[in-house]
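The chain contents come next:
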Amino acid sequence: MSTYPRIENPVQHLPVVGEIAAAVNKVNDEGVLPKQLVNLVLLRVGQILGSSYFTARQLLDAEDTPERLGAVATWRTAPYFTGAERAALSLAEAVHTPNPTGERVTDELVDAAREHLSDKEIVVLIGVLGQIGFFTPLALIGNPKVGVSFAEQWQK
């Protein structure tokens, strides 16, 4: 297992990466989704991906209780989450977990999410999931230093 970055600075090889990263980081600039909800979703996706980088980033950025953060992997049975958070976590898991027997995101799942999230919130959630989707190959292949933001470690 490698404990050092495999790529020094991707932007030096493909400058548009920086522009794309800046754009996708704006998906929730208006605060449509609460920061805590976004952090929980990104933490869960980091866990699903098995990415120490993503998981550690969310734990560092989180403004949440240790109980809630510790229970994200078991959110379905943990008593700490709101209906909207559960809906977002459910959609995040469906999007980021392969389902060899059928659809990942069913009509029923979206209908259940709509009980707690507006269409605008769902669209912003799609943007948040797309945001982590953009950074996934960079995190898994590039292997950035855990606990250091992309921007901080790729200054060159």
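Residues numbered from 1 in each chain as written. Predicted model: local features only at pLDDT ≥ 70, side-chain atom pairs only at ≥ 80, totals over all residues. Heavy atoms only, no water.

Participant: Hey, could you go over the overall build of the protein for me, with residue numbers and the actual values?
Facilitator: Secondary structure summary: the protein contains nine helices and zero strands in total. In the protein, the succession of α and β elements from N to C terminus is α-α-α-α-α-α-α-α-α. Whereas a compact globule of 156 residues would reach a radius of gyration of roughly 15 Å, the protein reaches 16 Å, a difference of no more than 12%. Dimensions of the protein along its principal axes, counting C-alpha atoms only, are 45 × 35 × 30 Å. Evaluated residue by residue, the protein yields a buried proportion of 42% over its 156 residues. Element-wise, carbon and sulfur atoms account for 57% of the exposed surface of the protein, whose accessible area totals about 8,800 Å². (Helix = DSSP H or I, 4+ residues; strand = E, 2+ residues; numbered from the N terminus. Rg over C-alpha atoms; globule rule 2.2 N^0.38 Å. Buried < 20%, exposed > 50% of the residue type's maximum accessible area, 1.4 Å probe, protein only. Areas by Shrake-Rupley, 256 points an atom, 1.4 Å probe, with all protein chains shown as cover.)

Participant: Now, about the environment of Ala71: what can you tell me, with residues and values included?
Facilitator: Tracing the backbone through its elements, the reader meets Ala71 in the loop between helix H5 (66-70) and helix H6 (83-96). Since its relative accessible area comes to 7%, Ala71 is described here as buried. Put simply, Ala71 and Phe81 are 10 residues apart on the chain and 9.2 Å apart in space, counted from C-alpha to C-alpha. If we skip the residues at most four places from it in the chain, Ala71 touches Ala78, Tyr80 and Phe81. (Contact = heavy atoms within 4.5 Å.)

Participant: Run through the packing of H6 against helix H8 (residues 119-142), naming residues and quoting values.
Facilitator: Closest axis-to-axis distance for the H6/H8 pair is 11 Å, and the angle between their directions is 45°. Taken as axis vectors, H6 and H8 run oblique relative to one another. Relative to H8, H6 is oriented so that their crossing is right-handed. Contacts from Ala88, Leu91, Ala92, Val95 and His96 of H6 reach H8 at Leu125, Leu129 and Ile132. Among the residues making up the contact of H6 with H8, the classes are represented as seven nonpolar, one polar and no charged. (Axes fitted to C-alpha atoms, helices over the stretch in contact; angles between N-to-C directions. Parallel < 35°, antiparallel > 145°, perpendicular 65-115°, else oblique. Left-handed = near helix turned anticlockwise from the far one by under 90°. Nonpolar A, V, L, I, M, F, W, Y, C, P; charged D, E, K, R; others polar.)

Participant: An account of H8 is needed here, citing residue identities and associated values.
Facilitator: The periodicity of an α-helix, 3.6 residues per turn, causes residues three or four positions apart to be oriented the same way. For H8, built from 24 residues, the straight-helix expectation of 34 Å at 1.5 Å per residue is met to within 8% by its first-to-last C-alpha distance of 34 Å. At Phe135, H8 shows its strongest bend, of approximately 35°, with the proline Pro137 following within four residues. With its phi angle positive at about 55°, Asn143 sits one or two positions after the end of H8. (Expected span 1.5 Å × (residues − 1). Bend = angle between axes of the 7 residues up to and from the residue.)

Participant: So what's going on with the environment of Glu19? Which residues, and what values?
Facilitator: Here Glu19 shows up in helix H2 (residues 16-24). For the pair Glu19 and Pro34, spaced 15 residues apart in the sequence, the C-alpha separation amounts to 25 Å.

Participant: I'd like a description of the nonpolar core, backed by residues and values.
Facilitator: Residues Leu33, Val41, Phe81 and Leu125 are the most contacted members of the largest nonpolar core, which totals 37 residues. Mapped by element, the contributors of at least two residues to this core are H2, helix H3 (35-49), helix H4 (52-61), H6, helix H7 (107-114) and H8. A per-element tally of this core places H8 first, with nine residues. Those residues within four positions of Leu125 in sequence are excluded, and the remaining contacts are Leu33, Val41, Ala88, Leu91 and Leu117. (Core = buried A, V, L, I, M, F, W, Y, C linked by side-chain atoms within 4.5 Å.)

Participant: Give a description of the packing of aromatic side chains that names residues and reports values.
Facilitator: Enumeration according to the criterion identifies three aromatic pairs in this entry. Aromatic pair Tyr80 and Phe81: ring centres 6.5 Å apart, planes at 85°, arrangement edge-to-face. Note on Tyr80: relative accessible area 39%, which makes it partly exposed. Overall, Phe81 belongs to the buried group, its relative accessible area being 7%. (Phe/Tyr/Trp six-rings, centres within 6.5 Å; stacked < 30°, edge-to-face > 60°.)

Participant: For the environment of Leu69, give the residues involved together with the corresponding values.
Facilitator: Topologically, Leu69 is positioned in helix H5. Sequence separation of Leu69 and Leu59 is 10 residues, and the distance between their C-alpha atoms is 7.5 Å.

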